[in-house]
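Spelled out from the first residue to the last, the chains are:
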Amino acid sequence: MSSRIRTGSIVQDKRDRAWRFWWWDNGKRRSKVLGRFSTKADAWKAAKPLRDALETKPQPEPNVPTVSTLVEQYRKEKMPTRHDTRGGYESWLSVYILPKWGGSPITDLQARPVEMWLEAQPLAPKSKVHIRGILNALWNYAMWKQDIPMQVNPISLVTVKGASKRIRKPRSLTVEQFRLLLRYLEEPFNTLALTCVCFGLRISEALALKWADVNWLDGTLRVERGIVQQVVDDVKTDDSRKTLTICEDLLAVLKVWKQTTKFSGPEDWVFASPFQLGKLPWSYTGVKENLQRAADSAGLGHLRSHSFRHTYRTWLDSVGTPVGVQQKLMRHADIRTTMNIYGDAVTPDMREAHGKIVGLALNGTGTARKAS
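Since we're looking at a predicted model, the values are computed, not measured.

Colleague: Explain the overall build of the protein to me, and be specific about the residues and the numbers.
Modeller: Each helix and strand in the protein was counted, giving 16 helices and 8 strands. Relative to its 372 residues, the protein shows a buried fraction of 43%. Within the structure as shown, the protein displays about 20500 Å² of accessible surface, and the carbon and sulfur contribution to it stands at 52%.

Colleague: Explain a positive patch on the surface residue by residue, including any values.
Modeller: On the surface, Lys-126, Lys-236, Lys-288 and Arg-304 cluster together to form a positively charged patch. Structurally, Lys-288 can be placed in helix α12 (residues 284-297). Looking at Lys-288, the relative accessible area reads 47%, which means it is partly exposed.

Colleague: Can you explain the sheet that holds strand β4 (residues 214-215)? Please cite residues and give values.
Modeller: The sheet built from 3 strands is open, its strands ordered β4-β5-β8 with antiparallel pairing. Among the strands making up the open sheet, the edge pair consists of β4 and β8 (242-245). Of the pairings in the sheet, the one linking strand β5 (residues 220-223) to β8 comprises 4 bridges and is antiparallel in character. Bridging from a neighbouring strand, Arg-222 pairs with Thr-243 of β8.

Colleague: Could you give me a rundown of the packing of aromatic side chains, with the residues and numbers involved?
Modeller: Inspection of the entire model under this criterion finds 9 aromatic pairs. Here the aromatic rings of Tyr-74 and Tyr-141 are separated by 5.5 Å at their centres, their planes lie at 75°, and the arrangement is edge-to-face. With Tyr-74 in helix α4 (residues 67-77) and Tyr-141 in helix α7 (residues 125-144), this pair connects stretches of sequence that are 67 residues apart. Residue Tyr-74 is classed as buried on the basis of its relative accessible area of 7%. The interplanar angle of 90° and the centroid separation of 5.5 Å between the aromatic rings of Phe-275 and Trp-282 together place this pair among those described as edge-to-face. Overall, the relative accessible area of 14% leaves Trp-282 in the buried class. Above the ring of Trp-101, the side-chain terminus of Lys-100 is found at 5.3 Å from the ring centroid. Directly above the ring of Trp-269 sits Lys-210, whose terminal nitrogen or CZ lies 4.8 Å from the centroid.

Colleague: So what's going on with the pattern of salt bridges? Which residues, and what values?
Modeller: The full count for this structure, using the stated rule, is 13 salt bridges. Here Arg-75 makes a salt bridge to Glu-90, at a shortest N to O gap of 3.0 Å. Here Arg-75, found in helix α4, pairs with Glu-90, found in helix α5 (residues 83-101); they are 15 residues apart in sequence, far enough to count as distant. The exposure class of Glu-90 is partly exposed, given its relative accessible area of 24%. In this structure, Glu-205 engages Arg-202 in a salt bridge whose closest nitrogen and oxygen atoms are separated by 2.7 Å.

Colleague: Describe unusual backbone geometry, and please don't skip the residues or the numbers.
Modeller: Cis rather than trans, the peptide bond between Glu-187 and Pro-188 has omega equal to 5°. Tracing the sequence through the fold places Pro-188 in the loop between α8 (175-184) and α9 (189-199). The phi dihedral of Gln-146 falls on the positive side, at around 65°, and the residue is not glycine. Here Gln-146 shows up in the loop between α7 and α8. Of note in this structure, Gln-229 is not a glycine but carries a positive phi near 55°. Take Gln-229: its relative accessible area is 68%, and that puts it in the exposed class.

Colleague: Could you give me a rundown of the nonpolar core, with the residues and numbers involved?
Modeller: Counting residues in hydrophobic clusters, the biggest one holds 61 residues, and the most contacted among them are Phe-178, Leu-181, Leu-192 and Phe-308. Top contributing element to this core by residue count: α9, with 8 residues. With sequence-adjacent residues up to four places away left out, Phe-178 is seen in contact with Leu-173, Ala-193, Leu-194, Val-197, Phe-308, Trp-315 and Ala-361. Listed in part, the 29 residues of the second largest apolar core include Ile-97, Trp-101, Ile-131 and Ile-134.

Colleague: Before we move on, could you go through α12 and cite the residues and values that matter?
Modeller: For α12, spanning 14 residues, the distance from its first C-alpha to its last is 20 Å, which sits close to the expected 20 Å at 1.5 Å a residue. Those residues of α12 that sit buried are Gly-286, Val-287, Asn-290, Leu-291, Gln-292, Ala-294 and Ala-295. Buried positions along α12 lie against α8, α9, α10 (203-207) and α13 (307-318). Where α12 ends, the next residue or the one after it, Gly-299, has phi of about 70°, a positive value.

Colleague: How would you sum up the pairing of β5? Please name residues and give values.
Modeller: Bridge count between β4 and β5: 2 bridges; the pairing is antiparallel. The residue bridging Val-214 from the neighbouring strand is Leu-221, located in β5. Between β4 and β5, which follow one another and run antiparallel, lie 4 residues, and Gly-219 among them has a positive phi close to 70°.

Colleague: Explain the state of the cysteines to me, and be specific about the residues and the numbers.
Modeller: In total, this model carries 0 disulfides according to the counting rule given. Unpaired in terms of disulfides, Cys-247 finds its nearest cysteine sulfur in Cys-198, a separation of 8.4 Å.

Colleague: Before we move on, could you go through the side chain of Arg-82 and cite the residues and values that matter?
Modeller: In this structure, Arg-82 sits in the loop between α4 and α5. Once residues within four sequence positions are removed from consideration, Arg-82 is found in contact with Asp-233, Asp-234, Val-235 and Lys-236.

Colleague: Can you break down the environment of Asp-16 residue by residue, with the values?
Modeller: If you trace the backbone, Asp-16 turns up in the loop between β1 (9-12) and β2 (19-25). Linking Asp-16 and Gly-35, residues 19 residues apart in sequence, is a C-alpha distance of 9.7 Å. Reaching out from Asp-16, the side chain makes a polar contact with the backbone nitrogen of Ala-18 at a distance of 3.0 Å.

Calculation notes
Residues numbered from 1 in each chain as written. Predicted model: local features only at pLDDT ≥ 70, side-chain atom pairs only at ≥ 80, totals over all residues. Heavy atoms only, no water. Helix = DSSP H or I, 4+ residues; strand = E, 2+ residues; numbered from the N terminus. Buried < 20%, exposed > 50% of the residue type's maximum accessible area, 1.4 Å probe, protein only. Areas by Shrake-Rupley, 256 points an atom, 1.4 Å probe, with all protein chains shown as cover. Patch = residues over 30% accessible without salt bridge, like charges linked within 9 Å, V, L, I, M, F, W, Y side chains within 5 Å. Salt bridge = Lys/Arg side-chain N within 4 Å of Asp/Glu carboxyl O. Lys, Arg positive; Asp, Glu negative; His and termini not counted. Charge placed at Lys NZ, Arg CZ, Asp CG, Glu CD. Pairing = 2+ DSSP bridges. Phe/Tyr/Trp six-rings, centres within 6.5 Å; stacked < 30°, edge-to-face > 60°. Lys NZ or Arg CZ within 6 Å of the ring centre and 35° of its normal. Core = buried A, V, L, I, M, F, W, Y, C linked by side-chain atoms within 4.5 Å. Contact = heavy atoms within 4.5 Å. Expected span 1.5 Å × (residues − 1). Disulfide = S-S within 2.5 Å. Polar contact = N/O pair within 3.5 Å; in protein donor to acceptor, adjacent residues only side chain to side chain.

Below, the structure is given as structure tokens:
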């Protein structure tokens, strides 16, 4: 871009065949019609007075930061603080964004070259969307810092093909498949699987549970933290922080596990790792290995812990749970159609739906004793 700032450029408009001279002036692109010419050389000759004036005009010192400089500042001021989110940002930055764009001024990140670059990357559409989001945030940050004039963020014009389509279909287990899986799961993974599928918890939320989060008298469970790569952090969204009701049947399962485990104090982890002497819960890797071992024994193929959350949603549908209740139980931050159709969920409906899911998980009937 620096050479074009000094000399400008000429382009022929295909509509009227006229040649135009383009140049940059204080960060804005400007143009002037030169007229119709038979050759590009003639057009360049006609543009000479404009080119001379441009070259003799004092140019301001470039203040536009490079992407690498901007990233360093962004890390200090605007980078998300949640551990796993920040880790994801750092991964996309170090592996893709900085190697390609680190030495370029932020203004070089325009819609067309960025979109072409993303299309050439051997990544899933969802991954490309993550990279586009970071580039969009960097552009907004540069404008927020007043490093560049306020303008339309060009990254907002970048499209990612197939961004709304899943490459893999979410895996949900049938009641029979889940109960078969339980037969091959040893503790604490049996209780962990029940906890995930009966509440729709993310594995990071389930592993971060402490016994103090269980209210035995009221029959409730507090979800207020997550753990990723053995680093305790906040939950994924504000809506994820909830107090959930516990059906008596599931409460009984938790009581049995509490009486079995060596780590049963209020501040102990519900799924404490004996390898860490209870100081940390089981790692995601440990859960993944034990879960897959049981899935292989049950003949269920590849299985991820997040399948329990998909299973929970599928089972909520199967027992006729209204969509508004589903939205509350899934603790989704924004399901607009759900909210428009149903509105707020009431506690009795949530208790009833939870009881039905526990019934499916424990006895396959869709019925269970009511929560306390």
